[in-house]
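Residues per chain, in single letters:
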Amino acid sequence: MYMDNFDDQQDLFQEIVCQLWKSYDSFRNESQFSTWMYRVAVNTAIVFLRKEKRKVDKYEIASENIKEDENDAHIKESQLDHFYKALQRLEKIDKAIIFYQLEGFSHKEIGQNLGISEGNARVKLNRAKEKLKEIIKNQGYGF
């Protein structure tokens, strides 16, 4: 979700795998392995984005299995496009929190993965949502 271009996604995936391999010795069993793995992946994605300074121009969606009316599909694609453009304008930590929430993580899990308290994760998520809504409104796409 950090990159919308397939080639960029593959580059980021390879970078994450490489970082996981390099930093495996730093895993101290103080948390679940999956929590540590997610934290390394998110940090790698943030560093990758900062280093590359890439901007997402368009979100591509594979719609081979979607059997909807063309008009409905166009509307949903437009909504996703606006959403992902707005998402790319958020600060990196806000973007990470939104992605964790989209992946179904609880506030507690988000806090653990980012090294913040559950309450702080909840507050940051609500603030990130408000920023996202404001960006979308400013793009001319109303609710």
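Data block above holds the structure.
Residues numbered from 1 in each chain as written. Predicted model: local features only at pLDDT ≥ 70, side-chain atom pairs only at ≥ 80, totals over all residues. Heavy atoms only, no water.

## Notes on the nonpolar core
The biggest cluster of nonpolar side chains holds 20 residues, and the ones touching the most others in it are Leu87, Ile98, Ile110 and Leu132. Elements supplying a minimum of two residues to this core: α2 (33–52), α3 (70–88), α4 (92–102), α5 (107–114) and α6 (118–138). Of the residues forming this core, the biggest block, six residues, is contributed by α6. Apart from the residues within four sequence positions on either side, leucine 132 is in contact with Phe83, Ala86, Leu87, Leu90 and Ile98. In terms of nonpolar packing, the next biggest core, distinct from the first, is built from nine residues, Leu12, Ile16, Val40 and Ala45 among them. (Core = buried A, V, L, I, M, F, W, Y, C linked by side-chain atoms within 4.5 Å. Buried < 20%, exposed > 50% of the residue type's maximum accessible area, 1.4 Å probe, protein only. Helix = DSSP H or I, 4+ residues; strand = E, 2+ residues; numbered from the N terminus. Contact = heavy atoms within 4.5 Å.)

## Side note on the packing of α4 against α5
Look at α4 against α5: their axes get within 10 Å of each other, and the N-to-C directions meet at 140 degrees. One element, α4, and the other, α5, form an angle in the oblique class. For the pair α4 and α5, the sense of crossing is right-handed. Side by side, α4 and α5 meet where Ile93, Ile97, Tyr100 and Gln101 of the first sit next to Ile110, Asn113 and Leu114 of the second. The residue makeup of the contact of α4 with α5, split by class, is five nonpolar, two polar and no charged. (Axes fitted to C-alpha atoms, helices over the stretch in contact; angles between N-to-C directions. Parallel < 35°, antiparallel > 145°, perpendicular 65-115°, else oblique. Left-handed = near helix turned anticlockwise from the far one by under 90°. Nonpolar A, V, L, I, M, F, W, Y, C, P; charged D, E, K, R; others polar.)

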